[in-house]
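# Survey of secondary and tertiary structure
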Amino acid sequence: IIERFDELINPGRSLDAEITAVTQITDDMLYDKDTEENVTKRFKDFIQDYPLVAHNAKFDISMLDMAYNKYNLGEFTNPVIDTLELSRNIDREYSKHSLSALVKRYGVFFDEEHHHRADYDAEGTGYVFDKMLKKLNDMGIKTLNDMQNLCKEDETHKFAREYHANLLALNKTG
């Protein structure tokens, strides 16, 4: 890891107890932090147009899409490599593809007590991806385009996840 972007954001309101329980982030840690808008702008400048690596990237991408839209920053278009989906393709013999499962599988030290903090999860994801790159190289996969072709077109339904659903109800009880 040669460079990091790690900033907390002041959400302008108190955190839910569940968020504090999962992340160990408290309101006191956020009171003097910058706004979401300013941090998002700095993050956009930091990532430029580079590919990003994330685990379960749907969540991260939805948050970036929402912030880019909210603050009129254009469209988020960076290529994203999702280690969850990548694992489902190159580690098909395994049933578990959580970040906790991947760090164990690839021999990456990971303290479960710090899990669910963006900086710590990103670091673990980076180390896992580095090990995945070695496996991909052994498979002859060297570029982003090669990665996109990992899953045959007739098998995409095995790995695809829904991003959106519309639910209709007759009334408030269903």
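Residues numbered from 1 in each chain as written. Predicted model: local features only at pLDDT ≥ 70, side-chain atom pairs only at ≥ 80, totals over all residues. Heavy atoms only, no water.

## With respect to the pattern of salt bridges
This is how the line gets drawn: By definition, a salt bridge exists where a carboxyl oxygen of Asp or Glu is found within 4 Å of a side-chain nitrogen of Lys or Arg. Helix and strand definitions here come from DSSP, where helices need a minimum of 4 consecutive H or I residues and strands a minimum of 2 consecutive E residues; each element is numbered from the N-terminal end. Under the scheme applied here, a residue whose accessible area is under 20% of the maximum for its type counts as buried, over 50% as exposed, and between as partly exposed, the area being computed with a 1.4 Å probe on protein chains only.
The full count for this structure, using the stated rule, is ten salt bridges. Among the ionic pairs, Arg42 bridges to Glu7, the shortest N-O distance being 2.7 Å. Here Glu7 lies in the segment before helix H1 (17-23) and Arg42 lies in helix H3 (residues 36-47), a separation of 35 residues in the sequence. One salt bridge in this structure joins Lys41 and Glu37, with 3.1 Å as the shortest N-O distance. Highlighted residues: Lys41 and Glu37, both in helix H3, separated by four residues, approximately one helical turn. On the accessibility criterion, Glu37 (29% relative accessible area) is partly exposed. Overlapping salt bridges bring together Glu7, Asp34 and Arg42 as one network.

## Quick notes on the packing of helix H5 (residues 83-90) against helix H7 (residues 118-138)
When two helices pack together, their arrangement is given by the angle between the helix axes and by the axis-to-axis distance. Definition in use: In this analysis, axes come from line fits to C-alpha atoms, helices being fitted only over the stretch in contact, and the angle between any two N-to-C directions falls in the range 0 to 180 degrees. Comment on the angle field: the value is read as roughly parallel under 35 degrees, roughly antiparallel over 145, roughly perpendicular from 65 to 115, and oblique elsewhere. Handedness of a crossing is defined here by the sense of rotation of the near helix relative to the far one, left-handed for an anticlockwise turn of less than a right angle and right-handed for a clockwise turn. Only heavy atoms matter for contacts: two residues are in contact if any of them lie within 4.5 Å across the pair.
Where H5 contacts H7, the axes come no closer than 11 Å and their chain directions differ by 30°. By the angle between their directions, the pair H5 and H7 is classed as roughly parallel. Regarding H5 and H7, the two cross each other, and that crossing is left-handed. Of H7, the residues touching H5 (which contributes Thr83, Leu86, Ser87 and Ile90) are Thr125, Phe129, Met132, Lys135 and Leu136.

## A look at the packing of aromatic side chains
Geometry of an aromatic ring pair is reported as the spacing of the ring centres plus the angle between the planes. Inclusion rule: Ring geometry is summarised as follows: Phe, Tyr and Trp rings, the Trp one being its six-membered ring, pair when their centres sit within 6.5 Å, and such pairs are stacked at plane angles under 30 degrees, edge-to-face over 60 and tilted between the two. Look at NZ for Lys and CZ for Arg. If either is within 6 Å of the ring centre and within 35 degrees of the ring normal, a charge sits over the ring.
One pass over the full model with this rule turns up four aromatic pairs. Aromatic pair Tyr68 and Phe76: ring centres 5.6 Å apart, planes at 90°, arrangement edge-to-face. Look at Tyr68 and you get buried, because its relative accessible area is 2%. An aromatic cluster is present here, built from Phe5, Phe43 and Phe46 joined pairwise through their rings. The ring of Tyr94 carries Arg105 above its face, with NZ or CZ at 4.0 Å from the centroid.

## Digging into the side chain of Thr40
Put simply, the rule reads: For this analysis, a polar contact is any N or O atom pair within 3.5 Å, provided that within protein one partner can donate a hydrogen and the other can accept it, and provided that sequence-adjacent residues contribute only side-chain to side-chain pairs.
By secondary structure assignment, the location of Thr40 is in helix H3. Looking at Thr40, its side chain comes within polar contact range of the main-chain oxygen of Glu36, at 2.7 Å.

## What about the nonpolar core?
Our working rule: Here, nonpolar core means buried Ala, Val, Leu, Ile, Met, Phe, Trp, Tyr and Cys residues that are tied together by side-chain atoms lying within 4.5 Å of each other.
Counting residues in each nonpolar core, the largest one holds 17 residues, and the members touching the most others are Leu86, Ile90, Tyr106, Val128, Met132, Leu136 and Met147. Mapped onto this core, the elements with two or more residues apiece are H5, helix H6 (99-105) and H7. Looking at this core element by element, the count peaks at five residues for H7. If we skip the residues at most four places from it in the chain, Met147 touches Ile81, Leu86, Phe129, Leu133, Leu136 and Ile141. Core analysis: the second largest hydrophobic core is formed by eleven residues, Leu52, Ala54, Ala57 and Leu64 among them.

Interpretation note: all reported values are geometric properties and have no functional meaning in isolation.
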